[in-house]
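What the coordinates show
What follows is each chain in one-letter form.
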Amino acid sequence: MNFDLTPAQRDLVAEARDFALREVAPYAAQWDADEHIPRSQIQKYADAGYFGMTIPQKYGGRGLSALDAVLVIEEVARHCGISEIGRAH
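These figures come from a predicted structure and were not determined experimentally.

Turning next to the overall build of the protein chain. Helix and strand content of the protein chain: 4 helices and 0 strands. When the 89 residues of the protein chain are sorted by exposure, 28% land in the buried category. When contacts within the protein chain are restricted to residue pairs at least 6 apart in sequence, those whose partners lie at least 24 apart make up 55%. As displayed, the protein chain offers around 6300 Å² of accessible surface, 56% of which is attributable to carbon and sulfur atoms.

This is the structure in structure tokens:
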């Protein structure tokens, strides 16, 4: 069985990495400290197509596979400053 990423998946990871380096990494520590992500930032995720990734294109999604969505989430999370997921408030 071949577990290598396809060229399209490698491109998707690179796209997510570029987004994360530009739109997440520089701000993540502050968002973590504030326990808040600005609404304008949430819109950037939407504009990048990171909501509804597995929804078929005919319904407005990207039509990606579950694996593709995981690759995007993994790459964005790699650059996220959240260090205490699940912390009780």
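Here the narrative resumes.
Before going further, it helps to spend a moment on the packing of aromatic side chains. If you walk through the whole model with that rule in mind, you get 4 aromatic pairs. The interplanar angle of 15° and the centroid separation of 6.5 Å between the aromatic rings of Y45 and F51 together place this pair among those described as stacked. With a relative accessible area of 14%, Y45 lands in the buried category. For F51, a relative accessible area of 48% corresponds to the partly exposed category. The rings of F19, Y45, Y50 and F51 are connected pair by pair, giving a single aromatic cluster.

Here we take up the nonpolar core. Core analysis: the largest hydrophobic core is formed by 14 residues, its most contacted members being F19, V24, Y45, Y50, M53, V72 and V76. With 4 residues, helix α1 (residues 7-23) is the largest single contributor of residues to this core. Aside from chain neighbours lying at most four places away, what touches V24 is F19, W31, Y45, V76, H79 and C80.

With that out of the way, let us pick up the environment of G49. Positionally, G49 belongs in the loop between α3 (39-47) and α4 (66-78). For the pair G49 and G61, spaced 12 residues apart in sequence, the C-alpha to C-alpha distance is 7.5 Å.

Mapping K44 onto the fold places it in helix α3. A relative accessible area of 35% means that K44 is categorised as partly exposed. For the pair formed by K44 and F19, sequence separation is 25 residues and the distance between their alpha carbons is 9.3 Å. Those residues in contact with K44 that sit more than four places away from it in its chain are F19 and E23.

What counts and what doesn't
- Residues numbered from 1 in each chain as written.
- Predicted model: local features only at pLDDT ≥ 70, side-chain atom pairs only at ≥ 80, totals over all residues.
- Heavy atoms only, no water.
- Helix = DSSP H or I, 4+ residues; strand = E, 2+ residues; numbered from the N terminus.
- Buried < 20%, exposed > 50% of the residue type's maximum accessible area, 1.4 Å probe, protein only.
- Contact = heavy atoms within 4.5 Å.
- Areas by Shrake-Rupley, 256 points an atom, 1.4 Å probe, with all protein chains shown as cover.
- Phe/Tyr/Trp six-rings, centres within 6.5 Å; stacked < 30°, edge-to-face > 60°.
- Core = buried A, V, L, I, M, F, W, Y, C linked by side-chain atoms within 4.5 Å.

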